[in-house]
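These are the residues of each chain, in order.
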Number of protein chains: 2
Amino acid sequence: MRYPNGHSYQPTSKRPKKRVQDNFAKRGMRLEDMINAANNWYNSKDLAVIHKKPTPIQVVKVDYPKRSRAVIKEAYYRQASTTDYNGIYKGYYIDFEAKQTNLVKHFPLRNIHDHQVKHMAACDKQGGICFLLIYFKSLDSCYLYPFSELKIAWDNYQNGGKSQLSLEHIQQVSYPVQSGFRPRLDYLKAVDQMLNR
Amino acid sequence: MRYPNGHSYQPTSKRPKKRVQDNFAKRGMRLEDMINAANNWYNSKDLAVIHKKPTPIQVVKVDYPKRSRAVIKEAYYRQASTTDYNGIYKGYYIDFEAKQTNLVKHFPLRNIHDHQVKHMAACDKQGGICFLLIYFKSLDSCYLYPFSELKIAWDNYQNGGKSQLSLEHIQQVSYPVQSGFRPRLDYLKAVDQMLNR
């Protein structure tokens, strides 16, 4: 479970694994790639405009070689102050974080950062649609877990309560993301279900 | 007018200049800093959640020194595919680009990129509030120029029409951003005027 590059929850698909289904995860596509593909498709069909925000990087040293473009020679990854994805869909402001896990029975809340929950709370207060996309890699299942639930679980966790969401609980309160042909991860259908509830 | 680092429209305030007013530009604050300060203030007062997106950077080489964090050793600036700022205000999706100029009589449309106009057009179609913040540094004046107007001027420009917006035209169709104490650049007041029109 150690990732030498310091990234967690972006496991490569090198280890062959028995899969219950094989809908989303064909050809080792990562959750981020599937979301980006979905966003490109939504954008191309005028269905929504949702983008992943670039990773914030602190640039320290830049070289300007003659006749070529600037080369960044020293820089550091910074922690994002918001969630990874936002945009607009049918007039709604959409804001979410996507997390992938290899676990099969629960999702650990330590994968979420307090500033992300605070950011989503602020967006929720302004009338935005906020959620977590949780992808269980081994089960090849993806769930739209609403912010209203995350808020309860997070506050409870911060006050010494459970540090993880059980799969059962997630299945009870989430909107399942169905796999499709195009896009493979059609998460806006789950958003529709949440909006129409 | 040449900037050796390849950045345009972020002039430093080294050259002493006669100013008509001195409302916004005190102590050489750049437009970006003023917008960030406004966004921090809006966020802290629960008025809006609007952030500048990080500059997209293509990382090529990363070092992982022992016992310290990753150091990016080679990377390049990429062109952003969207505008710089987005977020939510009173339930509205907000999306804008901010531009500063030293000119006093017009704003050149070459400061805007086609993909930014396309991005705003897509957001506009979904019901988002899109605009340009144009800051005339020498005049110390800032205008909220609505996307509906930008679209007309841009299409005209792409078809061989005028390559710049005259200050007179900007003043006629924009919502002026008044300078305030906190935040100094209270651009959401101009958004309110546009929404209430």
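By the naming in an unreviewed UniProt entry, chain A goes by Holliday junction resolvase RecU and is assigned to Aerococcus suis. Recorded under Sequence similarities (unreviewed entry), the UniProt text for chain A is reproduced unchanged: "Belongs to the RecU family."

Residue and element names in this part refer to chain B. For the structure on display, the rule yields 17 salt bridges over all chains. Note that Asp84 and Lys52 form a salt bridge whose closest N and O atoms lie 4.0 Å from each other. Of this pair, Asp84 sits in the loop between strand E3 (71-77) and strand E4 (85-89) while Lys52 is found in strand E1 (residues 49-52), placing the two residues 32 residues apart along the sequence. Judged by its relative accessible area of 21%, Asp84 falls in the partly exposed class. Put simply, Lys189 and Asp186 hold a salt bridge, and the shortest N to O gap is 3.0 Å.

The pairing of strands in a sheet comes from backbone hydrogen bonds and takes either a parallel or an antiparallel form. Strand order in the open sheet made by the 4 strands is E2(A)-E3(A)-E3(B)-E2(B), with antiparallel pairing throughout. Strand pairing shows two members of the sheet lacking a second neighbour, strand E2 (57-63) of chain A together with strand E2 (57-63) of chain B, which therefore form its edges. The average angle at which neighbouring strand axes cross in this sheet is 35°, direction not considered.

Time to look at a positive patch on the surface. Among the surface-exposed residues, Lys61 and Lys73 of chain A together with Lys61 and Lys73 of chain B lie close enough to one another that they form a single positively charged patch. With respect to the element layout, Lys73 of chain A can be found in strand E3 (residues 71-77).

To continue, consider the UniProt feature "site: Transition state stabilizer" (unreviewed entry) in chain A. Residue and element names in this part refer to chain A. In this structure's numbering, the residues bearing the UniProt feature "site: Transition state stabilizer" (unreviewed entry) are Lys99. Here Lys99 lies in strand E5 (residues 92-101). In this view, Lys99 contacts Leu31, Phe107, Asn111, Ile112, Leu133, Ile134 and Tyr135; residues no more than four positions away in its chain are not counted. Engagement of the side chain of Lys99 in a polar contact is seen with the backbone oxygen of Asn111, the distance being 3.3 Å.

So, about unusual backbone geometry. The peptide bond linking Arg182 of chain A to Pro183 of chain A adopts the cis configuration, its omega dihedral lying at -10°. Positionally, Pro183 of chain A belongs in the loop between strand E10 (175-177) and helix H5 (187-196). We note that Asp46 of chain B has phi near 60°; this positive angle belongs to a residue other than glycine. Looking at the element boundaries, Asp46 of chain B is found in the loop between helix H1 (31-44) and E1. Despite not being glycine, Lys90 of chain B shows a phi value in the positive range, around 50°. Considering the arrangement of structural elements, one finds Lys90 of chain B in the loop between E4 and strand E5 (92-101).

The next point concerns the sheet that holds strand E7 (residues 129-136) of chain A. Residue and element names in this part refer to chain A. Here 6 strands make up an open sheet; going across it, the order is E1-E4-E5-E7-E8-E10 and the pairing mixed. Of all strands in the sheet, those bounded by a partner on one side alone are strand E1 (49-52) and E10. Between one strand axis and the next, the sheet turns by 25° as a mean value, whatever way the strands run. Here 4 bridges tie E1 to strand E4 (residues 85-89), and the two strands are oriented antiparallel to one another. Opposite Ile50, over in E4, you have Gly87 as the bridge partner.

A word on the environment of Lys105 of chain A. All names here are of chain A. Inspection of the secondary structure puts Lys105 in the loop between E5 and strand E6 (106-108). Lys105 sits 61 residues away from Ser166 along the chain, and the two C-alpha atoms are 6.0 Å apart. With sequence-adjacent residues up to four places away left out, Lys105 is seen in contact with Leu165, Ser166 and Leu167.

Quick look at the packing of aromatic side chains now. The geometry of an aromatic ring pair is captured by the separation of the ring centres together with the interplanar angle, meaning the angle of the planes. Residue and element names in this part refer to chain A. A full pass over the atoms with the stated rule returns 15 aromatic pairs over all chains. Between Tyr85 and Phe96 the ring centres are 4.8 Å apart and the planes differ by 5°, which places this aromatic pair in the stacked class. One end of the pair, Tyr85, is in strand E4; the other, Phe96, is in strand E5, and 11 residues separate them in sequence. Accessibility classification places Tyr85 together with Phe96 in one group, the buried group. Measuring from centroid to centroid gives 5.1 Å for Phe96 and Tyr187, while their planes differ by 55°, and the two rings are tilted. Here the residue Phe96 occupies a position in strand E5, and Tyr187 occupies one in helix H5, the gap between them amounting to 91 residues.

Each value, and the rule that gives it
- Residues numbered from 1 in each chain as written.
- Chains lettered and ligands numbered in written order.
- Predicted model: local features only at pLDDT ≥ 70, side-chain atom pairs only at ≥ 80, totals over all residues.
- Heavy atoms only, no water.
- UniProt positions renumbered as here; feature names shortened; annotations may be inferred.
- Salt bridge = Lys/Arg side-chain N within 4 Å of Asp/Glu carboxyl O.
- Helix = DSSP H or I, 4+ residues; strand = E, 2+ residues; numbered from the N terminus.
- Buried < 20%, exposed > 50% of the residue type's maximum accessible area, 1.4 Å probe, protein only.
- Pairing = 2+ DSSP bridges.
- Axes fitted to C-alpha atoms, helices over the stretch in contact; angles between N-to-C directions.
- Patch = residues over 30% accessible without salt bridge, like charges linked within 9 Å, V, L, I, M, F, W, Y side chains within 5 Å.
- Areas by Shrake-Rupley, 256 points an atom, 1.4 Å probe, with all protein chains shown as cover.
- Lys, Arg positive; Asp, Glu negative; His and termini not counted.
- Charge placed at Lys NZ, Arg CZ, Asp CG, Glu CD.
- Contact = heavy atoms within 4.5 Å.
- Polar contact = N/O pair within 3.5 Å; in protein donor to acceptor, adjacent residues only side chain to side chain.
- Phe/Tyr/Trp six-rings, centres within 6.5 Å; stacked < 30°, edge-to-face > 60°.

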